[in-house]
Amino acid sequence: MRHVLPVLTVVAVIVAIWYAAAVWLNAQWALDMAKRQDREMSASELVLDTWSQEKPKLPAPHQVATELWKTTVEKKVTSKRSLVYHAWVTLSATLLGFALGTALGFALAVGIVYMRVMDMSVMPWVIASQTIPILAIAPMIIVVLNAVGVSGLLPKAMISMYLSFFPVVVGMVKGLRAPSRMMLDQMRTWNATKGQEFLRLRLPSSMPYLFASLKIAMAASLVGAIVGELPTGAVAGLGARLLAGSYYGQTIQIWSALFMAAAVAAFMVALIGLIQRVTLKRMGMS
Amino acid sequence: MWVALGIAAWALGWALNVWLAGRARSRATALAVPVIFGLTIVFVWEAAVRGFGISPVLLPAPSAIAVKMAASGGLIWEDFVQTVIKGALSGYVIGCAAAFATAIVVDRFDFLRRGLLPVGNFVAALPIIGIAPILVMWFGFDWQSKAAVVVVMVFFPMLVNTVEGLRDTSSMQRDLMRTYAAGYWTTLLKLRLPAAMPFIFNGLKLATTLALIGAIVAEFFGSPIRGMGFRISTSVGLLALDLVWAEIVVAAIAGSAFYGGVALLERAVTFWHPSQRGHG
């Protein structure tokens, strides 16, 4: 509760700055229009005009909110103009990529923890792989996979996978190594096999690390899916909405797609947070 | 023939690494093992492309990429300057400096800290890259809009890390500063900023990757006729994948060098931190 008031204040300030910025950025256009029509504008008229333009440089918050309401609630979900439809297209690619990335990251982490060779040879490359701006390859991956005959969700999911496996590897390697020497020795005195040691000790103690990584992986995965939609020629999905909006100067459409993406990201991260809380509670770890 | 050679190279490289990893860990083996692994992969790639006769339109061989890089050096250099030096680097400097200044202010006022940190954490998890089309619309097609995208992308990770770092002193240490009659600024400069350095460098390192990604992806939404992102997206359309891969190699080297440079600086500045000691 201690955080509610400060957060609300900050959000209110941001909204206020936003309205002010909308006036400042859109005023030029409004003045030009008025000049062309040869009429004077009072200050209040000018302000109201900047908040209700068709294609403003910066749409006011309520315009974005109206657009969001129109495209989510008032449109049928199956309609191509519904933002829910586009969000679902993006989300499905995100989830597939997230699942693939988590599986890959998990497998790599187990290999790295149990095999010294992999630790020494693969781990540096896992880290190096992320210094490459992988999103730059996105268009190529999409086009090449399309040429091979793979299309639809999978190419986008591949990009999501590449972005999301890294946090999982790093987090899980740390987590699987979290048990102390003492605990590992205890397992040995119980004559535990490698499999038992993994299932009963290493895996449970890696759970907090796993959830922390999953949250980052989910956010990264969504970014991957959105960028993956750019080169397909703006067919469907939030990335396509962004691109189409930028081609036709539909700023309100861009902003509403952006907010939808933010909402999806926030929702998925919160969902993982909820699963985390329930799981850790049942395991007696929180 | 090439397929067999590739399999043989893979087996040889892996066996060599197993043997090296079994030996005592030293600087040399720690460096050699990943290098051998990387070389093996490049060789297997080359062998696979030749052995299976993969069309260069799908996946060019490493040798073809190297030839292309050598042949079109001038073009790649021009793209490099446009995207990395003008777009990414200037945005990185502005964004990190702005975030650092904001963090000092936020840290000064507890109310701001409690309000801004959750918002900052939230924004840091959002797909910020989505604002690229908006900023391209505002700042035009040239590098200024790319720098603006980079500024926004690096701002929040940097802000959150710096604020965290500034809180990383114990009350004992702060009390000691007070017994020295040190004021706010002295405490900040002599105690809290140095103590925050590991966190600040964590943010700076995160930001290097984000900066390059931001600068390249922003070019997909419109750019003058140069730049790495522009070259990649147009070359894909022309099916000139060797040029695409050449740009990717340059981007990878630039990204690694950028990251490595910041990491070296970190080692020089935070030599006292436990994570930097003991490597002798």
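Residues numbered from 1 in each chain as written. Chains lettered and ligands numbered in written order. Predicted model: local features only at pLDDT ≥ 70, side-chain atom pairs only at ≥ 80, totals over all residues. Heavy atoms only, no water.

1. Observations concerning the overall build of chain A
Helix and strand counts for chain A come out as 11 helices and zero strands. Helices and strands appear in chain A in the N-to-C order α-α-α-α-α-α-α-α-α-α-α. Taking 19 Å as the expected radius of gyration for a compact globule of 286 residues, we find that chain A reaches 24 Å, considerably beyond that expectation. Viewed in the frame of its principal axes, chain A has a C-alpha envelope of about 90 × 55 × 35 Å. Relative to its 286 residues, chain A shows a buried fraction of 48%. The long-range share in chain A, meaning contacts at least 24 apart out of those at least 6 apart in sequence, stands at 74%. With an accessible surface of roughly 14,500 Å², chain A has 68% of that area assigned to carbon and sulfur atoms. (Helix = DSSP H or I, 4+ residues; strand = E, 2+ residues; numbered from the N terminus. Rg over C-alpha atoms; globule rule 2.2 N^0.38 Å. Buried < 20%, exposed > 50% of the residue type's maximum accessible area, 1.4 Å probe, protein only. Contact = heavy atoms within 4.5 Å. Areas by Shrake-Rupley, 256 points an atom, 1.4 Å probe, with all protein chains shown as cover.)

2. So, the nonpolar core
Generally speaking, a soluble globular protein has its nonpolar side chains buried in company with each other. Within the largest apolar cluster, 124 residues are counted, with the highest numbers of intra-cluster contacts made by Leu135, Met140, Val169 and Val227 of chain A together with Tyr92, Leu204 and Val217 of chain B. No other element matches helix α9 (residues 184–218) of chain B, which puts 14 residues into this core. Met120 of chain A together with Leu20, Val33 and Ile36 of chain B belong to the second largest nonpolar core, which has six residues in total. (Core = buried A, V, L, I, M, F, W, Y, C linked by side-chain atoms within 4.5 Å.)

3. What to know about helix α10 (residues 238–248) of chain A
Here α10 of chain A lies mainly inside the structure; eight of its 11 residues are buried. All buried positions along α10 of chain A are accounted for by Leu238, Gly239, Ala240, Arg241, Leu242, Leu243, Gly245 and Ser246 of chain A. Next to the buried residues of α10 of chain A lie α3 (61–72), α4 (83–114), α9 (194–229) and α11 (251–282) of chain A together with α6 (132–139) of chain B. One or two residues past the end of α10 of chain A sits Gly249 of chain A, with phi positive at roughly 65°.

4. A short note on the packing of aromatic side chains
All names here are of chain B. Going through the model one piece at a time under the given rule, you end up with 13 aromatic pairs over all chains. Between Trp77 and Phe80, the ring centres sit 5.5 Å apart and the planes meet at 25°, which makes this aromatic pair stacked. Placement of the pair is Trp77 and Phe80 together in helix α4 (residues 73–108), with a separation of three residues, close to one helical turn. A relative accessible area of 18% means that Phe80 is categorised as buried. Where Tyr92 meets Phe258, the ring centres are 4.8 Å apart and the plane angle is 65°; that geometry is what we call edge-to-face. Remark: Phe258 occurs in helix α11 (residues 241–269) and Tyr92 occurs in helix α4; sequence separation between them is 166 residues. Both residues of the pair, Tyr92 and Phe258, count as buried. (Phe/Tyr/Trp six-rings, centres within 6.5 Å; stacked < 30°, edge-to-face > 60°.)

5. Side note on the domain arrangement of chain B
In terms of domains, chain B is made up of domain 1 (2–54) and domain 2 (69–276). Summarising the inter-unit geometry, the C-alpha centres of domain 1 of chain B and domain 2 of chain B are found 34 Å apart. (Domains from an automatic or database assignment.)

6. Concerning the interface of chain B and chain A
With 50 residues of chain B at the interface, the matching set in chain A holds 54 residues. Overall, the association of chain B and chain A removes approximately 4,400 Å² of surface from exposure, summing both partners, and the carbon and sulfur fraction of that is 82%. It is Arg114, Pro127 and Trp138 of chain B in chain B that bury the most area against chain A; as a group they hold 14% of the surface buried on that side. Summed over the shared surface of chain B and chain A, the number is zero salt bridges. The tally of links from chain B across to chain A stands at one residue pair in polar contact (both at pLDDT 80 or more). Those elements giving two or more residues to the side of chain B that touches chain A turn out to be α1 (2–22), α2 (27–51), α5 (110–124), α6, α9, α10 (228–237) and α11 of chain B. (Buried area = accessible area lost by both parts, 1.4 Å probe. Salt bridge = Lys/Arg side-chain N within 4 Å of Asp/Glu carboxyl O. Polar contact = N/O pair within 3.5 Å; in protein donor to acceptor, adjacent residues only side chain to side chain.)

7. Some remarks on the domain arrangement of chain A
All names here are of chain A. According to the domain assignment, chain A contains domain 1 (4–58) and domain 2 (83–282). Computed over C-alpha atoms only, the centres of domain 1 and domain 2 are separated by 39 Å. On the side of domain 2, seven residues touch domain 1, which itself brings seven residues to the contact. Summing the contributions of domain 1 and of domain 2, the shared interface buries around 470 Å²; its carbon and sulfur component is 61%. The largest share of the area that domain 1 buries against domain 2 comes from Trp18, Lys55 and Pro56, three residues that together contribute 68% of it.

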